[in-house]
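Summary of structural features
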Amino acid sequence: MKKYLLSLFLSICISSNLSAQIYQKGFHENLINPQLFSGLWKAQWITSPEATNGYEVIHFRKSFDLPSVPTSFIIHISADNRYKLYVNGQFAGLGPARGDVYNWNFVTKNIAPLLKTGKNTIAVMVWNYGPYNPAGQMSLGLTGLVVQGNGEKEAIINTDKSWKCFVDKAYTPITNIHVNGYYVAGATEKLNVSAFPWGWENPDYDDSTWKNACFSQNASMKGGIDVPGRELVPQPIPEMEMTLERLKSIRYIEGIEVQKDFKKVLDNPFNLEIPAHKKVRILLDNEKLTTAYMNLLFSKGKDAKIAIGYTESLYDNGGKKINGAMPSKGNRNEIEGKTMVAYWDSICPDGSTNRQFQSLWWRTYRYVELDIETAAEPLEINDIYGIFTAYPFKMTSSFKADNREDLQKIIETGWQTARLCANETYMDCPYYEQLQYFGDTRIQTMVSLYNTSDTCMVKHALEAGRHSMTSNGIPMSRYPSAVIQFIPPYSLSWIGMVYDYWMYRGDDAYVKTLLPVIRTIIYWYGQYLKEDGSLAKTPFWNFADWAKEFHRGEARTDASGHSAFRDLELLYALQESQQMEEALGMKSMAQNDDEMGKKISSSFKNKYWNDQKKLFADTEDRNLFSQHVNILAILTHIVEDEEAKQLFEKMEQDTTLAKATIYFSYYLNEAREIAGLGDEYLSHLDIWNNQMKLGLSTWAEAPEPARSDCHAWGASPNVELLRTVLGVKSGAPGFKTILISPHLKGLKKVSGTIPHPNGEIGLKYVYGRSLKAEITLPQSTTGVFLWHGKQYPLKSGMQTLKIKDD
């Protein structure tokens, strides 16, 4: 242990040096003036002299003259909590991406295309959720704005006391949110139309009564100078996609009569008049789940009340829980006899015309309900639509099986799930939590690596794990998060994320900087590893899966806290860490990983194998069994080859085991392929097919009845159809060697493409009595094609294999 501690100390020292040179660069870092990396910025963090630093919305403006329109006018902008930027009345962006006060993102933008000769105005709306912030929104607790010009010509817009500001009393938080299940996505809002400063973003707005902004704090980049406050870093990811998305249909209107064809008008702006003294309910259907900023355009209706409700699905049984279980949602396309359980925004019109509500934060919905109660004046609804928002992933993979259209639908549903669960971070779910849990994120990063060429988001998630390290010795379960939580197995998942990134994208120099964090996690676990190779009871929430037999999702343990599952998940991470240490790190660390791993594996079978059941048990009592333990026994090579195949078949046939649910199906299907049963994968898609039959447009969190209709860990088929069916895996760090072992049972013609650091892997299979495989590998790669126990070497470029089945 002393030797290990010395190596750990040295690794931390080395890592500190490496981190000064290598880090996740800002998305537009090449545009930043080098002088801004050191010392104080000339711009200051500003606020309003009337700021409360609680829940509040503050508008800021700065007008300035330009003799001509420049070709470039670069600014750097950030706010706490968030900002909405306008230049000369035109929307110019939202931000910053969520982070923490030690890594507070700023966005770099060239606003020259929005400028004009003469008077120009930059207007920024800043809001602070205060005590009602979403769990994923961290904050210094001080409402503020900073805008820094990149050089001398842009210095005119540096935030200081010359900026004007106005505290907007039109917004109040709605905090009494009642939805089914754990919800921490923050308050919604109530807008009092009469109090809003309409037109505030336009150059001709009269701000003469506004107050001058006041100094809040000095601003500087992280490491630039030692000052208290937020440590600014260039935002390492692009700004989010913002695309018009119109609702698809009106399912019912109650309270007024409308023309029969009115339900078709949602494709364009429209005019629906709600007479005075009426109560009206309108249910709108987007026909698929989405994440979007809600926009409602309206006129007149003084003293009316408008409520906008958002839900993933309607509920049976009045939306009430039955014996503590989540209420059923049934078929998501059906609404008859169902109940709206939702969170709501609220609007109080003042009788003026051409008003627009846009939610401060995006909402998640398939169904939207308008509840309207008019007073003495009729209300006009002029339009309603969403602005879809998500991380701007572009799918660069493809998959096509000529005789299996259902697989294409699974791909599309999985991609929609992955898109909605990725915004400024990866997220477990977009409706309830919007938090980046590292257990979920391991699957999400693999979906990204197999289906996109983007690496920014994966590295952003890896950095979040590093940033979340505390004196407890392991990363938080989720980050960024203002609410502290630890799930030790998710720290092991984070190690797996590093390993996957290394195997599929390489980036050795960057991965090397993460090794000290991995070592700290392993040391933390080492404290609980007993001489007999069993883990003692570990603290915090040791989540495994939502199997019904697992209390609070934790794998079963004996009275002393021993658990085969926990032993194996540590072994799995040790094996991954050892490979990285051998290639990039310290031999002593690799040796330590190996010794810890052998301590677990050498005694595992004696402790947990039940010869009568021919299965590994969950505890040393050998009377409780789960698929989970046996899956990990295969993944960690406790059993191999024919033994692994027999174990998998027994595990899957035995109906008495606790079964893997949607989350752990990712590892189930990985084990299936390793056990030599990849050809059976397409026969085990019931989890996903059943959800499609229920009308889901994204994958649910768990088997019915589910809390969340959109959980990213369900998108694992977007990996497996490429990894198992097309058969493509990385055989060496950086994907330098490509292993291809397709599983085509029941298929005739299959094709696809998979992104690679050097380009694209292309595959075309025609399968009958023989196999014809047309394979294209990127430059500077080699590969091996495996088919029915035989190996065929592959090289860069296109090649065709024709193989007769024995």
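Here's what I pulled together on the structure shown here. All figures in this text were calculated on a predicted structure; none of them were measured in a lab. (Residues numbered from 1 in each chain as written. Predicted model: local features only at pLDDT ≥ 70, side-chain atom pairs only at ≥ 80, totals over all residues. Heavy atoms only, no water.)

**Some words on the sheet that holds strand β32 (residues 782-787)**
Taken together, 4 strands build an open sheet; the order of strands is β27-β28-β32-β33 and the sheet is mixed. Only two strands of the sheet have a single neighbouring strand rather than two, namely β27 (728-730) and β33 (790-794). Between one strand axis and the next, the sheet turns by 25 degrees as a mean value, whatever way the strands run. For β27 and strand β28 (residues 737-740), the ladder comprises 3 bridges, and the chain directions are antiparallel. The residue of β28 that forms the bridge with serine 730 is isoleucine 738. (Pairing = 2+ DSSP bridges. Helix = DSSP H or I, 4+ residues; strand = E, 2+ residues; numbered from the N terminus. Axes fitted to C-alpha atoms, helices over the stretch in contact; angles between N-to-C directions.)

**Regarding the nonpolar core**
If you look at the biggest cluster of nonpolar residues, it comprises 140 residues, and the most contacted ones within it are Phe399, Trp494, Phe616, Ile740, Tyr765 and Phe785. Sequence-distant contacts of tyrosine 765, defined by excluding residues within four places in its chain, comprise Leu726, Ile740, Pro742, Leu744, Lys748, Lys749, Val750, Leu771, Lys772, Ala773 and Phe785. Of all hydrophobic cores here, the second largest spans 66 residues; its members include Val57, Tyr252, Met340 and Tyr432. (Core = buried A, V, L, I, M, F, W, Y, C linked by side-chain atoms within 4.5 Å. Buried < 20%, exposed > 50% of the residue type's maximum accessible area, 1.4 Å probe, protein only. Contact = heavy atoms within 4.5 Å.)

**Observations regarding the environment of alanine 213**
Among the secondary structure elements, alanine 213 is positioned in the loop between β12 (211-212) and β13 (214-218). Classification of alanine 213 as buried rests on a relative accessible area of 4%. Sequence separation of alanine 213 and threonine 364 is 151 residues, and the distance between their C-alpha atoms is 35 Å. Filtering out sequence-adjacent residues up to four positions away, alanine 213 remains in contact with Ile46, Thr47, Phe60, Asp160, Lys161, Trp163 and Cys165.

**Re the pairing of strand β3 (residues 74-80)**
β3 sits mainly inside the fold: 7 of its 7 residues count as buried. Of the two faces of β3, the one carrying Ile74, His76, Ser78 and Asp80 and the one carrying Ile75, Ile77 and Ala79 are both buried. With 4 bridges joining them, β3 and strand β6 (residues 104-110) adopt antiparallel strand pairing. Paired with histidine 76 across the strands is threonine 108, a residue of β6. Two strands pair when backbone bridges link them, and β3 and strand β8 (residues 144-149) are joined in this way by 6 bridges, in the antiparallel orientation.

**Re the packing of aromatic side chains**
Applying the stated criterion across every chain, the model contains 44 aromatic pairs. On the basis of an interplanar angle of 35 degrees and a centroid distance of 5.2 Å, the ring pair of tryptophan 361 and tryptophan 362 is categorised as tilted. Given a relative accessible area of 1%, tryptophan 362 falls into the buried group. On the basis of an interplanar angle of 80 degrees and a centroid distance of 5.0 Å, the ring pair of tryptophan 524 and tyrosine 525 is categorised as edge-to-face. Look at tryptophan 524 and you get buried, because its relative accessible area is 5%. Directly above the ring of tryptophan 45 sits arginine 230, whose terminal nitrogen or CZ lies 3.9 Å from the centroid. Against the face of tryptophan 609 rests lysine 605, its NZ or CZ located 5.2 Å from the ring centre. (Phe/Tyr/Trp six-rings, centres within 6.5 Å; stacked < 30°, edge-to-face > 60°. Lys NZ or Arg CZ within 6 Å of the ring centre and 35° of its normal.)

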